[in-house]
Amino acid sequence: MTKTTSSINDLGNVLIRSDLNVPIINNNISDEYRIYKSLEILDKIYNYSRTITFSSHLGRPKKNSLDYSLEPVSKKMSEIINQKVNFIDEIYGKKVNESIENSESKLNLIENLRLHEGEVNNDDEFAKNVTFPFDTYIFDAFGASHRNHASVVSFGKYLDSYQGPLMNNEIEQLDKLLVNEKTGYVVLLGGAKISDKLSLIDNLLPKVEHLLIGGGMCFTFLKSMGYEIGNSLLEDSFISKAKELLNSEHGHKIVLPSDFGVTELIESELREDINIEDFRNNHIGIDIGPNTISEFASILLSSKNIFWNGPMGVFEIDKFSKGTQEITEIIAKSSAYTCIGGGDSVSAINKFSNIQYFNHISTGGGASLEYLEGKKLPGVNIYNSLII
Ligand code: AMP
């Protein structure tokens, strides 16, 4: 599938697949990191392209849901680069073709690819239609590279295609952790959902020195050990798998919290710090406690490489953000190679620290974790790198 380089100084009409999947609440974009990173490609290709059209997914929309339009993203892009990014409210067809053909604006953004089922179903006809008005395709969406979707694996069949600079940088940075396997690395996982991370833990455990687990996902493990966890997050159907992992050959590498910030009602914003043994049945574990912060800190500060994905608690609410804040500060000051895996961890860094204190902030949460597992991701290294 890898294509050879043609006339690189005339890319013609370019279609870029970026990852512009950002959190949007009431038309407000609360984290712009992915937008900034996606725009960096312009420095490289602007002068060599006739038109440049960005494409991306946004969320997991139901068909034609306006809540999932990329229009607010086009406005933010225009603001950041101080140049109009023309929003086209279609994914393919006459309107898109005319915009590209008449070159109304050099920069365009087409509508959310996932508003058409052909994207997720990896439909060839869809790929053919979307790529029709373009000459060159650049895949630069690391955050989507673990998906077997049309824009990841099929758009490239119809155009001269390249792997973009953001992709190259992500791979280079994450490879440092894989190479560093010899010196060992620690993975810190948090966030709410255990279901999407369990198979990953299975594959990661043999590779890591320690796997620290905080956030809502630790409670399924603690429940499997027989602890009372009150009304904390629990994914019942994964209790036996969690137990299996703890008892597996590398299970001793899993480090779970020993104390928690708890509340009886999240809305009350009242917090009490207790040991795991003191959980009552009306408690909700909402953050890691002070002893856990110290335990995690001593492991993190003595490791040479750290990968972090997922907050330690409900960090959006100040009272419950202490664990995530302190862990962010500890990782920021560590001398290890530090790599942050996308999503809410990046929001936490923006809230409590500064991205300059971290070696690499990945634009992809799920993708970076799957890459570290050693999986061959569908969108990684399928095209030649774009070298201009
Ligand atoms: P995820 O999308 O799986 O990374 O989860 C991120 C979300 O996990 C954030 O919105 C946090 O508020 C939430 N979270 C973290 N810790 C907990 C917890 N102990 N209980 C409930 N939600 C949590």
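Residues numbered from 1 in each chain as written. Predicted model: local features only at pLDDT ≥ 70, side-chain atom pairs only at ≥ 80, totals over all residues. Heavy atoms only, no water.

Peer 1: For this particular structure, what's the right way to read the pattern of salt bridges?
Peer 2: Close approach of charged atoms allows side chains of opposite charge to pair. On inspection of all chains with the given rule, the structure shows 15 salt bridges. Residue Asp-19 is joined to Arg-34 by a salt bridge in which the shortest nitrogen-to-oxygen separation is 3.2 Å. Residue Asp-19 is located in the loop between strand 1 (12-17) and strand 2 (24-25), and its partner Arg-34 is located in helix 1 (residues 33-39); the two are separated by 15 residues in the primary sequence. You'll find Asp-19 and Arg-34 in the same group, each marked buried. Salt-bridge contacts for Asp-287 lead to Arg-271; the nearest nitrogen and oxygen are separated by 2.7 Å. Highlighted residues: Asp-287 in strand 14 (residues 284-288) and Arg-271 in the loop between strand 12 (259-263) and strand 13 (272-275), separated in sequence by 16 residues. For Arg-271, a relative accessible area of 22% corresponds to the partly exposed category. Taken together, the shared-partner salt bridges connect Glu-32, Lys-76 and Glu-79 into one network. (Salt bridge = Lys/Arg side-chain N within 4 Å of Asp/Glu carboxyl O. Helix = DSSP H or I, 4+ residues; strand = E, 2+ residues; numbered from the N terminus. Buried < 20%, exposed > 50% of the residue type's maximum accessible area, 1.4 Å probe, protein only.)

Peer 1: What am I meant to see in the site of the ligand here?
Peer 2: Inspection of the region around the ligand gives 15 residues, with Ala-192, Gly-285, Gly-313, Glu-316 and Asp-344 positioned closest. Contacts to the ligand include Lys-193, whose backbone N or O atom sits 3.3 Å from an oxygen atom. Measuring from an oxygen atom of the ligand, one finds a side-chain N or O atom of Glu-316 at 2.5 Å. Relative to its unbound accessible area of 500 Å², the ligand is 76% covered by the protein chains. Within the shell around the ligand, the residues separate by chemical class into six nonpolar, five polar and four charged. (Near = heavy atom within 4 Å. Polar contact = N/O pair within 3.5 Å; in protein donor to acceptor, adjacent residues only side chain to side chain. Areas by Shrake-Rupley, 256 points an atom, 1.4 Å probe, with all protein chains shown as cover. Nonpolar A, V, L, I, M, F, W, Y, C, P; charged D, E, K, R; others polar.)

Peer 1: Would you explain helix 4 (residues 94-101) in this entry?
Peer 2: Residues three or four positions apart in an α-helix share a direction because the helix packs 3.6 residues into each turn. Of the positions making up helix 4, those classed as buried are Val-96, Ser-99 and Ile-100. What you see down the axis of helix 4 is that its buried residues fit within an arc of 95°, all on one side. More than 90 degrees from the buried face of helix 4, the exposed residues found are Lys-94 and Glu-101. For helix 4, the secondary structure elements touched by its buried residues are strand 1, strand 4 (49-55), strand 5 (86-88) and strand 6 (107-110). (Arc of directions from axis to C-beta. Contact = heavy atoms within 4.5 Å.)

Peer 1: Could you clarify how one ought to interpret the sheet that holds strand 16 (residues 337-341) in this entry?
Peer 2: The strand order across the open sheet built from six strands is 11-10-9-15-16-17, with neighbouring strands paired in parallel fashion. Edge positions in the open sheet fall to strand 11 (254-255) and strand 17 (360-362), since each of these has one partner strand only. For strand 16 and strand 17, the ladder comprises three bridges, and the chain directions are parallel. Across the sheet, residue Ile-340 finds its bridge partner in strand 17, namely Ile-361. (Pairing = 2+ DSSP bridges.)

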